[in-house]
Amino acid sequence: MKALFIICNNPSLDLVGYHFFNYLKQNYKILVKNIDAKGNIESYQLKNDEHEFHFMITKKHVMHNFNEFVDYLNEQYHDIDICVHVNYHEGENALDNILTVHSVGDIQSGTFLPTMPKEATRLLLELQKHNYLLDLNFKVTTETTHYSGVISGNKAQELYRFKKPTYDLEIGSSPAAYENPLAIKALCLSIFNIFNLDFDTRLNVLYLGGTFFEDTLNEAILRKNYPIYYDHHLAASFIEDANYYENGLGYIEDIIKKSFQTVDLIVYHDKVRKIKPILDIITNKYGIPSIKHRVLRNIEEHDEIVQLYRNKL
């Protein structure tokens, strides 16, 4: 399989991308694939076992200048399986000292790229493993689905010009964290096992509601007993702003159809319980049950969910 990692190697814009690429060059034998005439894009490649890892190095953030790069993406990387943007996380009240992964889409406009839950989950598990082995003591966490290009004036629908499963892999949320050498090392060590999918039995969960960083979801992904896969997560504030209680059926169906892993369960937070009538329609149409988020904390006490795991064996 083939993975593409997009990195902005401009320290004035992205210290994480800059240090990540330097670590990569110093520790791996990456091969030059292509450097465009103007030097705006450099492409590298590394083969590991039967998998290929491609690195697209830019001077600008691709997500914030998407139209400038999308033709190149389609020309050079039309056959990749998954795309990961390696960058930094920031924001008002953002958590610090975090290693984070999130799926890409725009909840408010109902624009969602496909997901590869097994691969995204493997990336999170690898981050957690190296966070422990390196004694880094960062928090490994998911974020709600979002598309950072919107804040730069990009229209979310433009994402459909490169319809690949896409994720952001980030360090947050301060300059000290961006330059932490162990955090950079943890990111680099984690990416090369993205396709090693030797998991215990898991359910693929679409999570609706909760906060931008949702602990109930994160803990369910990382725990040993009755773990889950990471698919799209739609935070409560975005669901409410976009009135998913009336408009959400088509959006949620779109997510379900685009996932590379069958959605086994929809989990909804109490704060968005008004969405339950829509989830009942989905249950009747697709056979996907829905549960309140608290059940996810003690699955072993709920026979109907335990049976879903048994059915996956």
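Above this note sits the structure.
Residues numbered from 1 in each chain as written. Predicted model: local features only at pLDDT ≥ 70, side-chain atom pairs only at ≥ 80, totals over all residues. Heavy atoms only, no water.

**Student:** Can you explain the sheet that holds strand β11 (residues 203-208)? Please cite residues and give values.
**Tutor:** Pairing is parallel across the open sheet formed by 4 strands, whose spatial order is β12-β11-β13-β14. Every other strand in the sheet has two partners, leaving β12 (228-234) and β14 (290-292) as the edge strands with one partner each. Along the sheet, successive strands turn relative to each other by an average axial angle of 25 degrees, direction set aside. Of the strand pairs in this sheet, β11 and strand β13 (residues 265-268) are connected by 4 bridges, and their pairing is parallel. Across the sheet, Tyr207 pairs through a bridge with Val267, a residue of β13. With respect to the sheet, helix α8 (residues 244-258) is in contact with β11, β12 and β13, its orientation differing from that of β12 by roughly 140 degrees. Across the sheet, helix α9 (residues 276-286) touches β11, β13 and β14, and the angle it forms with β13 is around 175 degrees. (Pairing = 2+ DSSP bridges. Helix = DSSP H or I, 4+ residues; strand = E, 2+ residues; numbered from the N terminus. Axes fitted to C-alpha atoms, helices over the stretch in contact; angles between N-to-C directions. Contact = heavy atoms within 4.5 Å.)

**Student:** Tell me about the nonpolar core, and please be specific about residues and values.
**Tutor:** Counting residues in hydrophobic clusters, the biggest one holds 59 residues, and the most contacted among them are Phe53, Phe55, Val86, Leu99, Leu169, Ile171 and Leu187. Top contributing element to this core by residue count: helix α5 (residues 181-191), with 6 residues. When neighbours within four sequence positions are excluded, Leu187 is seen to be in contact with Val16, Phe20, Val86, Leu99, Leu127, Leu169, Glu170 and Ile171. Core analysis: the second largest hydrophobic core is formed by 22 residues, Ile107, Leu234, Ala242 and Ile282 among them. (Core = buried A, V, L, I, M, F, W, Y, C linked by side-chain atoms within 4.5 Å. Buried < 20%, exposed > 50% of the residue type's maximum accessible area, 1.4 Å probe, protein only.)

**Student:** Describe the pattern of salt bridges, and please don't skip the residues or the numbers.
**Tutor:** Per the stated rule, a full pass over the model turns up 12 salt bridges. A salt bridge links Lys2 to Asp79; the shortest N-O distance between them is 2.6 Å. Residue Lys2 is found in strand β1 (residues 2-8), and its partner Asp79 is found in the loop between α2 (66-76) and β5 (82-89); the two are separated by 77 residues along the sequence. With a shortest N-O distance of 3.0 Å, Asp254 and Lys258 are connected by a salt bridge. Of this pair, Asp254 and Lys258 both sit in helix α8, 4 residues apart, which is roughly one turn of the helix. When its relative accessible area of 22% is taken as the criterion, Lys258 is described as partly exposed. Residues participating in the shared-partner salt-bridge network are Lys2, Glu52 and Asp79. (Salt bridge = Lys/Arg side-chain N within 4 Å of Asp/Glu carboxyl O.)

**Student:** Help me get a handle on the side chain of Thr100, residues and values and all.
**Tutor:** Along the chain, Thr100 falls in strand β6 (residues 98-103). For Thr100, a relative accessible area of 0% gives the class buried. A polar contact of 3.0 Å, which involves the side chain of Thr100, links it to the backbone oxygen of Thr141. Dropping the residues within four chain positions of it, Thr100 is found in contact with His89, Thr141, Thr142, Glu143, Asp168, Leu169, Glu170 and Phe213. (Polar contact = N/O pair within 3.5 Å; in protein donor to acceptor, adjacent residues only side chain to side chain.)

**Student:** Quick one: what's the story with the sheet that holds strand β9 (residues 139-142), residue by residue and with numbers?
**Tutor:** Backbone hydrogen bonds hold the strands of a sheet together, and the pairing may be parallel or antiparallel. Read from one edge to the other, the open sheet built from 8 strands follows the order β2-β3-β4-β1-β5-β10-β6-β9, with strand pairing classed as mixed. Single-partner strands in this sheet number two, and they are β2 (31-35) and β9. Mean inter-strand twist for the sheet, computed between neighbouring axes without regard to direction, equals 20 degrees. Sheet analysis places β2 next to strand β3 (residues 41-48), joined by 4 bridges and oriented antiparallel. Bridge assignment links Ile35 to a residue of β3, and that residue is Glu42.

**Student:** Hey, could you go over the packing of α8 against α9 for me, with residue numbers and the actual values?
**Tutor:** Where α8 contacts α9, the two axes come as close as 9 Å, and the packing angle between them is 35 degrees. The interaxial crossing formed by α8 with α9 has right-handed handedness. Taking contact as the criterion, the partners of Tyr244, Tyr245, Gly248, Leu249, Ile252, Glu253, Ile256 and Lys257 in α8 are, on α9, Ile278, Leu279, Ile281, Ile282, Lys285 and Tyr286. Among the residues making up the contact of α8 with α9, the classes are represented as 10 nonpolar, 1 polar and 3 charged. (Left-handed = near helix turned anticlockwise from the far one by under 90°. Nonpolar A, V, L, I, M, F, W, Y, C, P; charged D, E, K, R; others polar.)

**Student:** Could you give an account of the packing of aromatic side chains, with specific residues and numbers?
**Tutor:** As enumerated under the stated definition, the model contains 11 aromatic pairs in all. On the numbers, 5.3 Å between centres and 55 degrees between planes, the contact of Phe21 with Tyr44 is tilted. Of the two residues, Phe21 sits in helix α1 (residues 15-27) while Tyr44 sits in strand β3, which places them 23 residues apart along the sequence. Taken together, the aromatic side chains of Phe5, Tyr28, Phe53, Phe55, Phe192 and Phe195 make up a single cluster linked through ring pairs. (Phe/Tyr/Trp six-rings, centres within 6.5 Å; stacked < 30°, edge-to-face > 60°.)

**Student:** Tell me about the environment of Tyr207, residues and numbers included.
**Tutor:** Structurally, the position occupied by Tyr207 is in strand β11. On the basis of relative accessibility, which here comes to 0%, the residue Tyr207 falls in the buried class. Non-local contacts of Tyr207, meaning those with residues more than four positions away in its chain, are made with Glu214, Thr216, Leu217, His232, His233, Leu234, Val267, His269, His293 and Leu296. Of the polar contacts made by the side chain of Tyr207, one reaches the side chain of Glu214; its length is 3.0 Å.

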